[in-house]
Amino acid sequence: MEQSETITIDGVGPMPVVRPATAAEVADVVRRCAADGTAVYPVGGGTMLDYGLPPARPGVAVELRALDRVIDFPARDMTITVEAGITVARLAEITRAEGLHLPIDVPDPDRATLGGAIACNVSGPRRYGYGTFRDYVLGITTINDRGELVSAGGRVVKNVAGYDLMKLHTGALGTLGVITQVTLRLRPVAEYEGRIEFTCYDTDSMVQALEVLHSSETKPAMIWAEIGRGDHIAKRWWTVRIRYETNKDAVEWQLEQIQKELTAAGVKYSGVEFARSPDAGVRPGQRSSDLKFVFGTGLRPSGLASISHWGWNNEAVLSIWGSGYVWGSYHITDPGRWNESIVTESQAKTILSELTDMAAEYDGNVIIKRCPPEWKKSLPVWGRPPADLALQKAVKRALDPNNIFNPGRFVTDAF
Amino acid sequence: MAAVVTDPLTTRLRSLLGSGGVITAPSELAVYECDAFTIAKNRPSVVAFPTTAEQVAAIVKLCNELDVPFVPRGAGTSLAGGTLPVGGGVMIALTRMKKVHEVNLRDRYAIVEPGVVNLQLTNLLKPHGYHFAPDPSSQGASTVGGNAATNAGGPHTLKYGVTVDHVLGVEIVLPDGSIVRTGGPAGDPTGYDLTGVIVGAEGTFGVVTKIWVRLTPLPPAVRTMLGIFNSIDDATNTISAIIAAGIIPAALEMIDNTILQAVEAAFHFGFPLDAEAVLIMEVDGLEAGLDREAERVMEIARQHGVREVRQAKSEAERVLLWKCRKQAFGALGRLASSLCTQDGVVPRTKLPHMLHFMREVEKKYRLRIGNVFHAGDGNIHPVILFDERDADQVRRVLEASTEILDECIRCGGSVTGEHGIGVEKLDFMPKLFTPADLEQMLRLRGAFNPEGRCSPSKMFPTAGGCIEHTRPARGVAV
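Reading the values: rules and limits
- Residues numbered from 1 in each chain as written.
- Chains lettered and ligands numbered in written order.
- Predicted model: local features only at pLDDT ≥ 70, side-chain atom pairs only at ≥ 80, totals over all residues.
- Heavy atoms only, no water.
- Helix = DSSP H or I, 4+ residues; strand = E, 2+ residues; numbered from the N terminus.
- Rg over C-alpha atoms; globule rule 2.2 N^0.38 Å.
- Buried < 20%, exposed > 50% of the residue type's maximum accessible area, 1.4 Å probe, protein only.
- Contact = heavy atoms within 4.5 Å.
- Areas by Shrake-Rupley, 256 points an atom, 1.4 Å probe, with all protein chains shown as cover.
- Lys, Arg positive; Asp, Glu negative; His and termini not counted.
- Charge placed at Lys NZ, Arg CZ, Asp CG, Glu CD.
- Salt bridge = Lys/Arg side-chain N within 4 Å of Asp/Glu carboxyl O.
- 1 Å grid on protein atoms, 1.4 Å probe; cavity = no way out; pocket = protein on both sides within 12 Å on 5 of 7 lines; lining within 4 Å.
- Points joined across faces, edges and corners; volume = space filled by probe spheres on them.
- Phe/Tyr/Trp six-rings, centres within 6.5 Å; stacked < 30°, edge-to-face > 60°.
- Lys NZ or Arg CZ within 6 Å of the ring centre and 35° of its normal.
- Patch = residues over 30% accessible without salt bridge, like charges linked within 9 Å, V, L, I, M, F, W, Y side chains within 5 Å.
- Pairing = 2+ DSSP bridges.
- Axes fitted to C-alpha atoms, helices over the stretch in contact; angles between N-to-C directions.
- Core = buried A, V, L, I, M, F, W, Y, C linked by side-chain atoms within 4.5 Å.
- Expected span 1.5 Å × (residues − 1).
- Disulfide = S-S within 2.5 Å.
- Polar contact = N/O pair within 3.5 Å; in protein donor to acceptor, adjacent residues only side chain to side chain.
- Buried area = accessible area lost by both parts, 1.4 Å probe.
- Nonpolar A, V, L, I, M, F, W, Y, C, P; charged D, E, K, R; others polar.
- Parallel < 35°, antiparallel > 145°, perpendicular 65-115°, else oblique.
- Left-handed = near helix turned anticlockwise from the far one by under 90°.

(A) View of the overall build of chain A. For chain A, the helix and strand inventory stands at 11 helices and 19 strands. On C-alpha atoms alone, chain A measures out to a radius of gyration of 22 Å, which is about the 22 Å that the 2.2 N^0.38 rule sets for 415 residues. Overall, the C-alpha framework of chain A stretches about 65 × 55 × 40 Å when taken along its three principal axes. The buried share of chain A, reckoned over its 415 residues, is 61%. Taking the intrachain contacts of chain A between residues at least 6 apart in sequence as the baseline, contacts between residues at least 24 apart amount to 71%. With an accessible surface of roughly 15,300 Å², chain A has 50% of that area assigned to carbon and sulfur atoms. Side chains of chain A give 45 positive and 50 negative charges; the mean places of these two sets differ by 2 Å.

(B) Main features of the overall build of chain B. Counting its secondary structure elements, chain B contains 16 helices and 20 strands. By the compact-globule yardstick of 23 Å for 478 residues, chain B fits well, its C-alpha radius of gyration being 22 Å. Oriented by its inertia axes, the alpha-carbon framework of chain B measures out at about 70 × 60 × 45 Å. When burial is assessed residue by residue, chain B has 65% of its 478 residues classed as buried. For chain B, the proportion of contacts with a sequence separation of at least 24, taken over those separated by at least 6, is 73%.

(C) Region of the structure containing the pattern of salt bridges. Residues and elements named next belong to chain B. Scanning the model with the defined rule gives 62 salt bridges over all chains in all. In this structure, lysine 159 and aspartate 284 form a salt bridge, with 2.6 Å as the shortest nitrogen-oxygen distance. Within this pair, whereas lysine 159 is found in helix α6 (residues 157-160), its partner aspartate 284 is found in strand β14 (residues 277-285), the two being separated by 125 residues in sequence. Look at aspartate 284 and you get buried, because its relative accessible area is 6%.

(D) Structural detail: empty space enclosed by the protein. Residue and element names in this part refer to chain A. Under the defined criterion, the tally for this structure stands at 4 cavities of 30 Å³ or more. Looking at the largest cavity, its volume works out to about 430 Å³. Residue lining of the largest cavity: 32 residues in total, with Pro42, Gly44, Gly116, Ala119 and Cys120 positioned closest to the centre. Sorting the residues of the lining of the largest cavity by element identifies β3 (39-43), α3 (114-119) and β10 (178-185) as the ones contributing at least two each.

(E) Structural context of the environment of leucine 53 of chain A. All names here are of chain A. Relative to the elements of secondary structure, leucine 53 occurs in the loop between β3 and β4 (59-63). By relative accessible area, leucine 53 is classed as buried at 14%. Taking C-alpha positions, leucine 53 is 9.7 Å from asparagine 406, a pair spaced 353 residues apart along the chain. Among all residues touching leucine 53, those that are not within four sequence positions of it are Asp10, Lys376, Val381, Trp382, Gly408, Arg409, Phe410, Asp413 and Ala414.

(F) Inspection of the packing of aromatic side chains at higher detail. If you walk through the whole model with that rule in mind, you get 18 aromatic pairs over all chains. Taken together, the ring pairs connect Phe293, Phe295, Trp310, Tyr330 and Trp375 of chain A into an aromatic cluster. Looking at arginine 236 of chain A, its charged tip hangs above the ring of tryptophan 312 of chain A, at a distance of 4.4 Å from the centre. Directly above the aromatic system of phenylalanine 49 of chain B lies the positively charged group of arginine 96 of chain B, at a separation of 4.3 Å from the ring centroid.

(G) Representation of a nonpolar patch on the surface within the structure. A surface patch of nonpolar side chains, about 200 Å² in accessible area, is lined by Val100, Val103 and Leu124 of chain B. Here valine 103 of chain B is to be found in strand β5 (residues 100-104).

(H) Examining the sheet that holds β5 of chain B more closely. All names here are of chain B. Ordered in space as β5-β6-β10-β8-β9, the 5 strands form an open sheet in which the pairing is antiparallel. One side of each edge strand has no neighbouring strand; the edge strands of this open sheet are β5 and β9 (179-183). Mean inter-strand twist for the sheet, computed between neighbouring axes without regard to direction, equals 10°. Relative to β9, strand β8 (residues 167-173) runs antiparallel, the two being bridged by 5 bridges. For valine 170, the partnering residue across the bridge sits in β9 and is threonine 182.

(I) How the structure looks around the pairing of β10 of chain A. Residues and elements named next belong to chain A. Extensive coverage of β10 is indicated by the burial of 7 of its 8 residues. Direction of pairing for strand β6 (residues 79-83) relative to β10: antiparallel, over a ladder of 5 bridges. Residue pairing for β10: threonine 81 is matched across the bridge by threonine 183. Sheet topology note: the strand β8 (residues 137-143)/β10 ladder contains 6 bridges and is antiparallel. Note that in β10 the partner of threonine 141 across the bridge is glutamine 181.

(J) Region of interest: the nonpolar core. Within the largest apolar cluster, 197 residues are counted, with the highest numbers of intra-cluster contacts made by Leu114, Leu168, Phe293 and Val395 of chain A together with Met254, Leu444 and Phe448 of chain B. Once you skip the residues sitting within four places of it in the chain, leucine 444 of chain B turns out to touch Tyr163, Leu165, Leu168, Val395 and Leu399 of chain A together with Val197 and Phe205 of chain B. One finds Phe269, Cys324, Leu332 and Val372 of chain B within the second-largest nonpolar core, a separate group that totals 26 residues.

(K) Region of the structure containing the environment of aspartate 77 of chain A. All names here are of chain A. Among the structural elements, aspartate 77 can be located in the loop between β5 (70-72) and β6. Judged by its relative accessible area of 5%, aspartate 77 falls in the buried class. As for aspartate 77 and glycine 296, which are separated by 219 residues in sequence, their C-alpha atoms are 35 Å apart.

(L) Seen up close, helix α13 (residues 351-365) of chain B. Residues and elements named next belong to chain B. In this model α13 runs 21 Å from its N-terminal to its C-terminal C-alpha over 15 residues, within 8% of the 21 Å that 1.5 Å per residue would give. Of the positions making up α13, those classed as buried are Leu351, Pro352, Met354, Leu355, Phe357, Met358, Val361, Glu362 and Tyr365. Looking at the buried residues of α13, the elements they touch are α8 (232-244), β13 (251-256), β18 (368-374), β19 (379-380), β20 (382-386) and α14 (391-410). Arginine 366 lies just past α13 and shows a positive phi near 50°.

(M) Representation of the state of the cysteines within the structure. Residues and elements named next belong to chain A. Counting across every chain of the model gives 0 disulfides over all chains. Between cysteine 33, a cysteine without a disulfide, and cysteine 120, which holds the nearest cysteine sulfur, the sulfur-to-sulfur distance is 20 Å. Accessibility expressed as a relative area gives 6% for cysteine 33, which makes it buried.

(N) Local environment of the side chain of aspartate 406 of chain B. Tracing the chain through its elements places aspartate 406 of chain B in helix α14. Looking at aspartate 406 of chain B, its side chain comes within polar contact range of the side chain of lysine 431 of chain B, at 2.8 Å.

(O) Representation of the interface of chain A and chain B. Between chain A and chain B, the contact holds 73 residues from the first and 82 residues from the second. Both faces considered, chain A and chain B share a buried interface measuring about 6,200 Å² in area, 57% of it formed by carbon and sulfur atoms. Considering only the side of chain A, the residues that lose the most area to chain B are Lys158, Val160 and Tyr163 of chain A, jointly responsible for 16% of the buried surface there. Here arginine 443 of chain B ties to aspartate 145 of chain A by a salt bridge, and the two come within 2.9 Å at their closest N and O atoms. Connecting chain A to chain B are 26 residue pairs in polar contact (both at pLDDT 80 or more). Elements supplying a minimum of two residues to the side of chain A that touches chain B: α4 (127-130), β9 (149-153), α5 (165-169), β11 (187-188), α6 (203-214), α7 (248-264), α10 (389-399) and α11 (411-414) of chain A. Per element, the largest residue contribution to the side of chain A that touches chain B is 7 residues, and it comes from α10 of chain A. A per-class count over the side of chain A that touches chain B returns 33 nonpolar, 15 polar and 25 charged.

(P) Region of interest: the packing of α6 of chain A against α7 of chain A. All names here are of chain A. Running from N to C, α6 and α7 point in directions that differ by 125°, and their axes come no closer than 10 Å. When the interaxial angle is binned, α6 and α7 end up oblique. Along this stretch, α6 crosses α7, giving a crossing that reads as right-handed. Note on element contacts: α7 touches α6 through Ile258, Glu261 and Leu262, opposite Ala209, Val212 and Leu213. By residue class, the composition of the contact of α6 with α7 is 5 nonpolar, no polar and 1 charged.

Any functional reading would require information that these geometric values do not contain.
If you want it as C-alpha cells, here you go:
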C-alpha cells in the first residue's frame, strides 16, 4: 500500500504522518506531541477523514494500520481482543472461521479499521436487530493525553468494575485518546439467513410497510428502505429489504409471515425477490468516491414517515434504517447519469434547516456526514447543540486539558 | 463516624421538603445505616425524601453550601455497599420518586423516575406485550434508578443485555446542583455518550432523577428446561458446550447441591436432593424452530452426562422454577445465620476450573460454599455460609472470598459482574487496573463530581472524601 509522507485532513494540511507499529510507539508519539502541544490526529483506514469539522490547527497524523494483531481469540467464549488498526474485513475473516461475527455493517471494510469504526460509531441497517458498537465493546485500551496506556473494562462479557470508558470512546471521534486495543463481544453467525426485497412506488406504501414491520410477529435482523432512481418509466421508487437471521425453520416461517402481514394490511408492494443462505446479505458496500453532501439523523421511529415524505418531495437520495436512522444525500456536481439532484451550498443550508426542525420533533439531530470542507464554515456540521454540551466540554477538559486530540473537529468544538 | 446533626441542615431540609420528607430520629436512621451489604454500617446525618428533580437539586445545593456529603439511595438492595453513607451526611432517598411519566409503545421507550420498582415497570408493560429486560433477582424490590447506578444484570441479560443496553437517556442532578439531560428516546446521542458512563457509575456522578428506558417486546414463545447432573463437571461442561455451539439461550443458570437443599426445603419443587448440580436452561423467540433449538440444548446436556433433562411441564412449573432460582438467597437463611455472596466473572470456558477451585477453597478454609449463578455469562455467585458471631469464621470467610476473586482475575475475569465495587471491593481495583487506569477514571469523575461530595469513597480506593470507616470488609450480604 502506498505510504505517503503527508496527509491533508478535511482541507487542512499537509501534515506529517507517523506509523507506529506498537501501542508503546503510539504512546511515545503522543508524549512527544503533548510536550509541545502539537495536535494529534488519529487515522485508521482513512475512510471517514472528512467526518466532523476541519482540524483547528496543523499537527501530526498518527496512522494505526500497523497495529493489526490479534491479541487473544478465545472463540468458545465468544470474545476477541485485537489491536485497533485491524481492518473490519480482516476481523470478519478471522471470526467467521470460528462461526462468529461482529454483526455491525461497516462500509469499506477492506480499508476501514476497527478503531476508526468505533471512534466514528459506524453502524448499518442491521442495527435494527443487533444494535451498535455500544453493545459490543467490552474492553478498551487507549493512549491518553499524557502518553500513558490506559485501559477500562475487561475481556469478559459481563463486568461492572470501574467506569465504562468504552461507551465514552465510542463515537468520540478520537478526541479523548488514541484507541489502540479493544475487546469485543461476538455473536454466532446465524445458522440460516433469508432476505425479502420488494418495491413500493409511493411513499405512503413504504411507510405503511414500516408500520407493519413495527408490529410484525417476525423479528427482522435488518429493515432497510431506500429511494431508487433510474431511467425507467418510474423515475423513482422505494426498495425495501428485510432480512432474517436465525435458523431455517424460523427464517422460512418469517418470510411467509411477513408477506401475509403486508398483504393483510393492504400494502401495495411488488417485485418480490428472495435470497437465502449461506449469505443472503446485501450490506452497504463502498462509500462513494463522488464528493457529495451527506447527512444523517437518528430519530424516534415514528418520525420516519414525515422524513420519508420530505425526502421524496425534495428529491433526496434517502436511506432508512428501521430502527430510526435516516441517511440522505445529494450530489454537488453533476454525476452525469439519471436524474439525480444537485444542490448548492445555500440550498444545502435551507435543506438542513427544514430537516433539523422536523427531526427535532422526533428527538433527532441532523449531522453532516460529508460535504466539501469549505461548506463547513457556514453549515451546522453537528446540527443543534446537545442538552448536555457543558458537561461534554467538562469531560473533554478533564481528559484532554490541552486539547491535543483532534482539536476543532468534534461537537464540543462546534458550539 | 458520629453522625452530627447540624441544625441548619435539618431545618433547611424541612423547609424544602416539609417535615414528612426528612428523617433524623436515630431509631429511624438505623434502617439507612447499611444496604444489603450489612458488614459496613454508618448512619447518615439525615435522610431526605424528595419527590421532584428540583427538590433534589435544592438538597444538593444545600449540601454544597454547608459542605456536607450526600449519597443517593434506591431500595437499598446493593450487595456491595453502594449506598453506604460514608462520612455521614445527607442520604437522598429516591423511593418517593416513582412516577412513570410516559410509556411510548410505538417508539419503544418509557420515561420513569428512579424510584420505580423494576418489576412494577415490567408488570405495567406486560399487558402491552413489552417488558423492561434487565431482571436482577432483586427485581421485586430494587428500583430502576438503582439498577442504572449499578448497571444491574440478571438471568436474562445473557441474551438481552445488562441495564446500560436498555437506558437511552437520563436526567441527572449534578453534584453542583444543576439539572442536565443526556441522551434521549431516539438513542443516538450527539457527542459523547454520557448516558453510557453515568449508568454504572454507582451514583458517583450525581443523582439521576429521570430515566429513558428501552422497551423490549416479550418473546412470543419460551422453552424452559431443567437438567439434573450427578457431577458439577458435567454441568459446567454442558454450559461451556452450549455457548461454544453458538446458542445464545435466554438464560442459563446453575444451582449446586448446597443451594438445592435449601431451595427444595423452601419451595418443594421436587429437585432430587442427591443431584450435584441443576441447570435451568431457557431458550426463547419465535415458535417456529424453537423446539429444535430446545432439543439441541438438551442433546448437548445428554452428550455431557446429564442424569435427566426435560422441559418444564407447564407454565406453573416454569414459574416455580424461576421462583426457586430468584429467591434462592432468601432460602439460604435456613442453612446459616450469615451469608457472604460474591460476584466474580470468568471467561465461560473457565467455569469448570473455577468450580474446582472453590471446592479447594472450601476445604482449605473449612467453610461451606454454595453456588447459584448466571452460568451463561460466566458470572459466578459463590455464597459462603458462616456465623458472623465467630470472629475466626469471619476471618476465614474474608480470606476465602479474596482467594476466589483473585482467581477470577487470574483467569482473565473480573471481581464484579453486576453488583458493583461499592465499598466492598475497593481493594480489588488496583488488582484489576493500573495506577494510570485508575487515575484516568478519577479524572473523568472530576468532570462530574470535582469536589467529591457526591457518594464519597466509592469505587476507587483513593476517591477522596472524608473516609473514616473500617477496612472495607468484604461481604456479609444476603
